[in-house]
Amino acid sequence: FPHCYCKGDGMKKFYKFPLKTKFFFSMSSLITMTVLLLFFGIFFVFYGYFMAFQTDASSNQLRAVKNQLDFYLTSMDQYASMIVSDPTVQWNVRDYNTASFSYTESDRTALRTQMRKFLQSTPYIHSATIYGIDQTSITTTAIVSLPALPLSGLPKRGPLFTTGKKYSNYQFTEKVDALSMIRPFFEIDSGALLGYIELTITEEDISALYRSNSSATSRFFVTDSQGTVVSTDGSRPLNSVYSYAGQYTGRTSGSFFSKEGTICFVTYVDILDWYIINEIKLTAFFLPLLFILLICILITVV
């Protein structure tokens with residue numbers, strides 16, 4: 001019969017080794033198994049702890065961004081109400097609707113000045129624009145105005161939030177992405193429709209809410225319900241379509257893993273039907289575990 005190596009042969013050879021060799025193999029095997037068990041135990045405990053810690057931290061960050069964005073939206077509506085309730089604004093717009101042909105530039109200047117009195121302490125508001133009942137712009141606090149409302153279907157009561165382009169207040173020939181709130185307003189005495197008011201904040205002011213929290217492993221951006229990126233820290237192009245938009249639906253918050261090696265935490269903004277996303281690279285989770293693995297290997301070798 002040809003010679004074959006089997007387990008029994010290996011054990012016989014092992015028994016023939018000197019005592020110190022058998023002791024070395026036994027202790028090294030025991031230490032290796034112990035270190036492996038220790039590593040896997042640390043791996044699961046550390047991963048669970050780090051995941052819970054990161055989930056809480058990301059949720060708190062997203063909640064803070066959402067609350068600040070909600071504050072912006074609420075204050076826009078409140079400032080709009082104060083502006084259109086002002087007697088000077090009411091009289092001025094009523095005069096435009098009654099005889100727009102006799103409406104002078106000094107009337108526009110007076111209306112613009114009155115509007116700026118309300119907005120001078122709110123730097124995050126890009127501009128306020130008042131439109132007449134014919135939907136034509138009467139005046140605006142922006143440096144460069146758009147002549148008419150960009151929408152065909154206007155709210156009957158409002159407010160309505162929409163995204164679009166506005167001229168920059170700093171680079172007059174350039175347009176910037178912006179979020180606008182449009183709502184109708186009415187004559188205080190009769191309740192008749194007087195016109196529409198539009199308040200705008202730029203995408204830059206929205207992204208400033210979370211840009212300071214971005215890092216090489218943690219990025220933030222905002223998408224609408226269709227997955228279009230409407231605000232970003234620069235990690236994704238504006239107006240691009242987020243390929244994992246189908247992973248989050250409905251009016252809830254949560255998290256999901258992507259095929260790009262990231263875990264994404266999502267918070268829903270019900271007023272806008274938007275989603276704020278914090279995308280974290282999984283290397284942020286596993287890099288500390290790599291150091292633990294190297295330490296375990298070093299212990300085993302020693």
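(A) A look at the sheet that holds strand β4 (residues 175-186). Pairing is antiparallel in the open sheet, where five strands are placed in the order β2-β1-β5-β4-β3. The two strands at the open ends of the sheet, each matched to only one other strand, are β2 (137-140) and β3 (160-167). If you compare each strand with its neighbour and ignore which way they point, the axes differ by 30° on average. Taken together, the six bridges between strand β1 (residues 127-132) and strand β5 (residues 193-202) define a ladder with antiparallel strand orientation. Residue pairing across strands places Ser-127 opposite Thr-200, the latter belonging to β5. Where helix α4 (residues 105-119) meets the sheet, it contacts β1, β2 and β5, and its direction lies at approximately 50° from that of β2.

(B) Expanded view of the packing of aromatic side chains. Taken as a whole and assessed by the stated rule, the structure comprises 12 aromatic pairs. Aromatic rings pair up to connect Phe-221, Tyr-242, Tyr-244, Tyr-248, Phe-256, Tyr-268 and Tyr-275 into one cluster. The ring of Phe-186 has Arg-157 sitting right over it, with the charged end atom 4.7 Å from the ring centre.

(C) Representation of the packing of helix α2 (residues 19-85) against helix α3 (residues 87-98) within the structure. Relative to each other, α2 and α3 sit at 65°, their axes nearing to 5 Å. As summarised for this structure, α2 and α3 are arranged roughly perpendicular, according to the angle between their axes. For the pair α2 and α3, the contacting residues are Ile-83, Val-84 and Ser-85 in the first and Pro-87, Val-89 and Gln-90 in the second. Its residues placed into classes, the contact of α2 with α3 shows four nonpolar, two polar and no charged.

The rules behind the values
Residues numbered from 1 in each chain as written. Predicted model: local features only at pLDDT ≥ 70, side-chain atom pairs only at ≥ 80, totals over all residues. Heavy atoms only, no water. Pairing = 2+ DSSP bridges. Helix = DSSP H or I, 4+ residues; strand = E, 2+ residues; numbered from the N terminus. Axes fitted to C-alpha atoms, helices over the stretch in contact; angles between N-to-C directions. Contact = heavy atoms within 4.5 Å. Phe/Tyr/Trp six-rings, centres within 6.5 Å; stacked < 30°, edge-to-face > 60°. Lys NZ or Arg CZ within 6 Å of the ring centre and 35° of its normal. Parallel < 35°, antiparallel > 145°, perpendicular 65-115°, else oblique. Nonpolar A, V, L, I, M, F, W, Y, C, P; charged D, E, K, R; others polar.

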